[in-house]
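What the coordinates show
Now for the letters of each chain:
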Amino acid sequence: MKSLAELAAIREKMKDKIVLREGGANTRIVVGMATCGIAAGARPVLNAFVEGVDKEGLNGQVIVSQTGCIGICQYEPVVEVMEPGKEKVTYVKMTAEKAEKVLKEHIKGGKVVQEYTIANAKNA
Amino acid sequence: MKELSLNVLDIAENSVKAGAKLIRILLEETEDTLKMTVADNGCGMREEIVRGVMDPFYTTRTTRKVGLGIPFLKLAAEQTGGYVNVTSRHESEYPDTHGTETVALFYKNHIDFTPMGDIISTVTTLIQGSPDIDFEFRHDSKDFHVLLDTRQMREILGADIPLNDPEILVWIAQYLKDQY
């Protein structure tokens, strides 16, 4: 059974981590969480990225954030990956499983998963 | 929406956009009803906007931001015989007590009642997206009394640890799960 008191222990443990984190994140993963995104299944996609970033030890290098509707509701859940010095990649019709693949191949491996991108969806 | 917890997430996102500092999510269950309240201290809405949020076809350019969230919730509640009520106090008229309260009542035993789904995931998603806002989440029924208040968490964690740290989010999910 978890208790609020445990937070004190987490606080102690995290003191050192905070210093490490100040190096600054460089990659941003942005998940659309407006009504359209939520209805299309964005919540498990977001959670998959949050959990995946933690599991892959990418904390501090990758920031997962939420945004509103960007106007392509028919392609939701939409995920944008922004890396410094690179063009933004827009992934569409995402799922938690696809999120795992994007994390492994693109975020960690540096190779864009073309089949999930909006360019690919438009050509299909 | 396939789960009511997704409606809760969607409605609470409106509070985030309204610049709320505190968002209270209350779920109260009886034998046959579920009452959902999302109350915030955000900027609030003017009376004519409040009247408009219920009707997706009323929406004009100025109110377009409101979108389909409330109509979706209204549909989910009314198809069980329940209702949705939105009250709001705009900051221009209520400088100290502004905010919006959305109440939805559902009849749980109605065949068209949408299941609650993963409400814990809704809470962690909200905190992940808005770590600087305070959330009070309560879910009460005859079997459980679940409470999470980020103000209590901050008292222990201090101001320098962000609530959207993965370790904290994992803790929140487990803390809530243990109370069910």
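Notes on the structure in this doc start here. Note that the structure is predicted; figures quoted are calculated from it, not measured.

1. Description of the packing of helix 3 (residues 42–55) of chain A against helix 4 (residues 96–108) of chain A
All names here are of chain A. Here helix 3 crosses helix 4 at 35°, and the two axes come no closer than 8 Å. Crossing angle aside, the handedness with which helix 3 passes helix 4 is right-handed. Counting all contacts with helix 3, which are made through P44, V45, A48, F49 and G52, the residues of helix 4 involved are A96, A99, E100 and L103.

2. Quick word on the interface of chain A and chain B
Counting residues at the interface gives 21 residues for chain A and 29 residues for chain B. Taken together, the elements giving at least two residues each to the side of chain A that touches chain B come down to helix 1 (6–21), helix 2 (35–40) and helix 3 of chain A. It is helix 1 of chain A that contributes the most residues to the side of chain A that touches chain B, seven residues altogether. Of the residues contributing to the side of chain A that touches chain B, the split by class is 12 nonpolar, four polar and five charged.

3. Focus on the nonpolar core
The biggest cluster of nonpolar side chains holds 73 residues, and the ones touching the most others in it are A:V31, A:V45, A:F49, A:V79, B:V8 and B:V123. If near-sequence neighbours (up to four positions away) are discounted, A:V45 is found in contact with A:V31, A:P77, A:V79, A:M94, A:T95, A:A96 and A:A99.

4. What to know about helix 4 of chain A
All names here are of chain A. Along its 13 residues, helix 4 runs 17 Å from first to last C-alpha, staying within 8% of the 18 Å computed at 1.5 Å per residue. If you check which residues of helix 4 are buried, you get A99, V102, L103, H106 and I107. Positive backbone phi, at 80°, marks G110, one or two positions downstream of helix 4.

5. What to know about the environment of A:Q61
All names here are of chain A. With respect to the helices and strands, the residue Q61 is situated in the loop between helix 3 and strand 2 (62–67). Its 16 C-beta neighbours within 10 Å are what place Q61 among the partly exposed residues. Between the alpha carbons of Q61 and T27 there is a distance of 6.4 Å; along the sequence they are 34 residues apart.

6. Overview of the packing of helix 4 (residues 119–129) of chain B against helix 6 (residues 166–179) of chain B
Residue and element names in this part refer to chain B. Direction vectors running N to C along helix 4 and helix 6 enclose 150°, while the axes themselves pass 10 Å from each other. The angle between helix 4 and helix 6 places the two elements in the roughly antiparallel class. The handedness of the crossing between helix 4 and helix 6 is right-handed. Contacts from I120, V123, T124, I127 and Q128 in helix 4 reach L169, I172, A173, L176 and K177 in helix 6. Within the contact of helix 4 with helix 6, the residues separate by chemical class into seven nonpolar, two polar and one charged.

7. Description of the sheet that holds strand 1 (residues 22–29) of chain B
Residue and element names in this part refer to chain B. Across the sheet, six strands lie side by side as 3-4-2-1-5-6; this open sheet has mixed pairing. A strand with exactly one partner marks an edge of an open sheet, and here the two such strands are strand 3 (83–89) and strand 6 (145–149). Taking the axes of each pair of neighbouring strands and ignoring which way they run, one obtains an average angle of 5° across the sheet. Relative to strand 4 (residues 99–107), strand 3 is paired through seven bridges, and the arrangement is antiparallel. Of the residues in strand 4, the one forming a bridge with N85 is V103. Its contacts with the sheet put helix 3 (residues 69–78) on strand 3 and strand 4, and the angle it makes with strand 3 is roughly 140°.

8. Some thoughts on unusual backbone geometry
Omega for the peptide link from A:E76 to A:P77 comes to -5°, which places this bond in the cis form. As for its position among the elements, A:P77 is in the loop between strand 2 and strand 3 (79–82).

9. Describing the sheet that holds strand 4 (residues 89–91) of chain A
Residues and elements named next belong to chain A. The four strands lie next to each other as 2-1-3-4, forming an open sheet whose pairing is mixed. Edge strands, defined here as strands with exactly one partner in the open sheet, are strand 2 and strand 4. Across this sheet, the average inter-strand angle for adjacent strands is 20°, counted without regard to direction. Sheet analysis places strand 1 (residues 27–32) next to strand 3, joined by four bridges and oriented antiparallel. Bridging across to strand 3, I29 finds its partner in V81.

10. Here we look at the environment of A:V78
All names here are of chain A. With respect to the element layout, V78 can be found in the loop between strand 2 and strand 3. A residue is classified by how many C-beta atoms lie within 10 Å of it, and V78, with 28 of them, is buried. As a C-alpha pair, V78 and T117 span 39 residues in sequence and 9.5 Å in three-dimensional space. Ignoring anything within four residues of it in the chain, the contact list for V78 reads G32, G37, I70, I72, T90 and V92.

Calculation criteria
Residues numbered from 1 in each chain as written. Chains lettered and ligands numbered in written order. Predicted model: local features only at pLDDT ≥ 70, side-chain atom pairs only at ≥ 80, totals over all residues. Axes fitted to C-alpha atoms, helices over the stretch in contact; angles between N-to-C directions. Helix = DSSP H or I, 4+ residues; strand = E, 2+ residues; numbered from the N terminus. Left-handed = near helix turned anticlockwise from the far one by under 90°. Contact = placed C-beta atoms within 7 Å. Nonpolar A, V, L, I, M, F, W, Y, C, P; charged D, E, K, R; others polar. Core = buried A, V, L, I, M, F, W, Y, C linked by C-beta atoms within 7 Å. Buried ≥ 20, exposed ≤ 12 C-beta atoms within 10 Å, placed from the backbone. Expected span 1.5 Å × (residues − 1). Parallel < 35°, antiparallel > 145°, perpendicular 65-115°, else oblique. Pairing = 2+ DSSP bridges.

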